[in-house]
Amino acid sequence: KAGVTQTPRYLIKTRGQQVTLSCSPISGHRSVSWYQQTPGQGLQFLFEYFSETQRNKGNFPGRFSGRQFSNSRSEMNVSTLELGDSALYLCASSLNGGNEQYFGPGTRLTVT
Amino acid sequence: GENVEQHPSTLSVQEGDSAVIKCTYSDSASNYFPWYKQELGKRPQLIIDIRSNVGEKKDQRIAVTLNKTAKHFSLHITETQPEDSAVYFCAASRSGGSYIPTFGRGTSLIVHP
């Protein structure tokens, strides 16, 4: 079974721009969660989507948004990028949320 | 909400020694406790998990113990090898439905040959 995939793997953007990241979950998984990982901050939860609906939300500003499509693929968008948004963005899929999560390889975003 | 504390933040051991990483959680309703290993430049990978109906689970050189009364759980790695060097994350969650895990801040394990 194919694992979780994320595209692109690397991105360099300028302050003020916006960016869209994509995540394809394991086939059959309906829950997709997004995390921001920075040195020293661990895994910060952004939001979770299940059956095309945002089911859980972390404590991030409204510049961070997402969506999920009917095939469970998910996208995350960050608008008006700031230097502090530079991070590794990980998505994780699970069958139904709340149980085993499987992570994608991440998208490394650098904001200059 | 749930709060997970993880200690130590860094652990350095000699090859062959044992390593123990400890986590505490705050939500007494949490009943699912996974551990993830993240090697440098790679994705976090689920290595072992435990549910609240058992006190210990083993898989070869790794084991996890859970004390629900004290609300803490630990990862034990025996006979450590250099390839065990990585960042380890614990997490706590209510299983199923709409719950998502809360992660600890990670432990950087360094195994010296």
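This text goes with the structure placed above it.
Residues numbered from 1 in each chain as written. Chains lettered and ligands numbered in written order. Predicted model: local features only at pLDDT ≥ 70, side-chain atom pairs only at ≥ 80, totals over all residues. Heavy atoms only, no water.

1. Brief notes about the sheet that holds strand 3 (residues 19-25) of chain B
To summarise the sheet geometry, strands pair through backbone hydrogen bonds and adopt either a parallel or an antiparallel arrangement.
Residue and element names in this part refer to chain B.
Here is step 1: A sheet is described by the order of its strands in space; here 5 strands give the open sequence 1-3-8-7-6, paired in antiparallel fashion. A strand with exactly one partner marks an edge of an open sheet, and here the two such strands are strand 1 (4-7) and strand 6 (56-59). Averaged over all adjacent pairs, the angle separating strand axes in this sheet is 15 degrees, with direction ignored. (Pairing = 2+ DSSP bridges. Helix = DSSP H or I, 4+ residues; strand = E, 2+ residues; numbered from the N terminus. Axes fitted to C-alpha atoms, helices over the stretch in contact; angles between N-to-C directions.)

2. Some details on the packing of aromatic side chains
Here is step 1: Taken as a whole, this structure holds 12 aromatic pairs over all chains when the rule is applied.
Here is step 2: Between Y35(A) and F103(A), the aromatic rings sit 5.6 Å apart at their centres with planes inclined by 45 degrees, giving tilted as the arrangement. Of this pair, Y35(A) sits in strand 4 (residues 31-38) while F103(A) sits in strand 10 (residues 102-103), and the two are 68 residues apart along the sequence. Across this residue pair, the class does not change: Y35(A) and F103(A) are buried.
Here is step 3: Connected via pairs of aromatic rings, a cluster forms that spans Y35(A), F45(A), F103(A), Y36(B) and F103(B). (Phe/Tyr/Trp six-rings, centres within 6.5 Å; stacked < 30°, edge-to-face > 60°. Buried < 20%, exposed > 50% of the residue type's maximum accessible area, 1.4 Å probe, protein only.)

3. Section: the interface of chain B and chain A
Here is step 1: Contacts between chain B and chain A engage 20 residues on the former and 24 residues on the latter.
Here is step 2: Regarding the contact of chain B and chain A, the summed buried area is about 1,700 Å², with carbon and sulfur atoms giving 50% of it.
Here is step 3: Across the chain B-chain A interface, the total number found is 1 salt bridge.
Here is step 4: As a salt-bridge pair, E100(A) and R51(B) come within 3.4 Å of each other at their nearest N and O atoms.
Here is step 5: Only strand 4 (32-38) and strand 5 (45-51) of chain B provide two or more residues apiece to the side of chain B that touches chain A.
Here is step 6: Classifying every residue of the side of chain B that touches chain A gives 9 nonpolar, 6 polar and 5 charged. (Contact = heavy atoms within 4.5 Å. Buried area = accessible area lost by both parts, 1.4 Å probe. Salt bridge = Lys/Arg side-chain N within 4 Å of Asp/Glu carboxyl O. Nonpolar A, V, L, I, M, F, W, Y, C, P; charged D, E, K, R; others polar.)

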